[in-house]
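# Architecture and fold: a report
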Amino acid sequence: MSESQYAVFRFDVKSMVMAEGEPLVLNSLSEAERYCQENIATDPAMGCRILDRAGKTVRTFSDQQIYDNHHGLPAAKRNVLLGSALLVVGISSVALDAWLGWRLVFGVLLGVRLLWAGCVKTIDGVSFLMRERDAFNHEP
């Protein structure tokens, strides 16, 4: 790649996973930006990331509404609710198994898995909400 060329990678906005295939190499930044804007207009679920010759991200394009739905405030609230529900079900499953004298091995196994998933989801959601709160409180 020459100094004036830029590589464009496509990615799935929901999972943030790069699409398969080789990156598209375009001859100028304006050409790469135009391609990304056209790509998002055609397929909003796919985003574009423009990288320079050194591999540094120059700009990222994605449909903001789709991004926020999967990674923004609604997703954080959903993670907190889902995580809390998983925690309650996990605790209930382990408690039921304990109450029955540990006869239901499945109850403990399922409960521990649900507790782990609930902790991860809840922590993910709460940490995002705390970052948003701190960013809101520190705005000038």
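Going by the structure above, here's the rest.
In every chain, residue numbers begin from 1 and rise along the written sequence. In keeping with the model being predicted, local features are shown solely for residues with a pLDDT of at least 70 and side-chain atom pairs are shown and tallied solely at 80 or more, while totals for entire chains, interfaces and linings include all residues. Hydrogen atoms and water are omitted, and side-chain values are computed over all heavy atoms in the structure.

## Points about a nonpolar patch on the surface
Here a patch means residues that are over 30% exposed by relative accessible area and free of salt bridges, tied together within 9 Å if like-charged and within 5 Å if nonpolar (Val, Leu, Ile, Met, Phe, Trp, Tyr). Residue exposure ignores everything except the shown protein chains as possible cover, and the areas themselves are Shrake-Rupley values with a 1.4 Å probe. In the sections that follow, a salt bridge refers to a side-chain nitrogen of Lys or Arg positioned within 4 Å of a carboxyl oxygen of Asp or Glu. The grouping of L96, W99 and L104 at the surface amounts to a nonpolar patch, some 360 Å² of accessible area in total. To qualify as a helix, a DSSP run of H or I must reach at least 4 residues; to qualify as a strand, a run of E must reach at least 2; elements of each kind are numbered from the N terminus. By the element assignment, W99 lies in helix 3 (residues 73–99).

## Side note on the packing of aromatic side chains
For this analysis, a ring pair means two rings from Phe, Tyr or Trp (six-membered ring only for Trp) whose centres lie within 6.5 Å, classed as stacked if their planes differ by under 30 degrees, edge-to-face if by over 60, and tilted for the remaining angles. Applying the stated criterion to the full structure yields 0 aromatic pairs. In our convention, an over-ring charge means Lys NZ or Arg CZ found within 6 Å of a ring centre and within 35 degrees of that ring's normal. The ring of F11 has R49 lying over it, and the distance from NZ or CZ to the ring centre is 5.2 Å.

## Topic: the pattern of salt bridges
In total, this model carries 3 salt bridges according to the counting rule given. One salt bridge in this structure joins E3 and R53, with 3.0 Å as the shortest N-O distance. Taken together, the positions of E3 in the segment before strand 1 (6–12) and R53 in the loop between strand 4 (46–51) and strand 5 (57–61) put the pair 50 residues apart, joining distant regions of the chain.

## Considering the pairing of strand 1
Each pair of strands is called paired provided DSSP finds at least two bridges between the two strands. Taken together, the 3 bridges between strand 1 and strand 3 (residues 24–26) define a ladder with antiparallel strand orientation. Pairing of V8 across the sheet is with L24, part of strand 3. Pairing geometry for strand 1 and strand 4, over 6 bridges, is antiparallel. The residue bridging A7 from the neighbouring strand is L51, located in strand 4.

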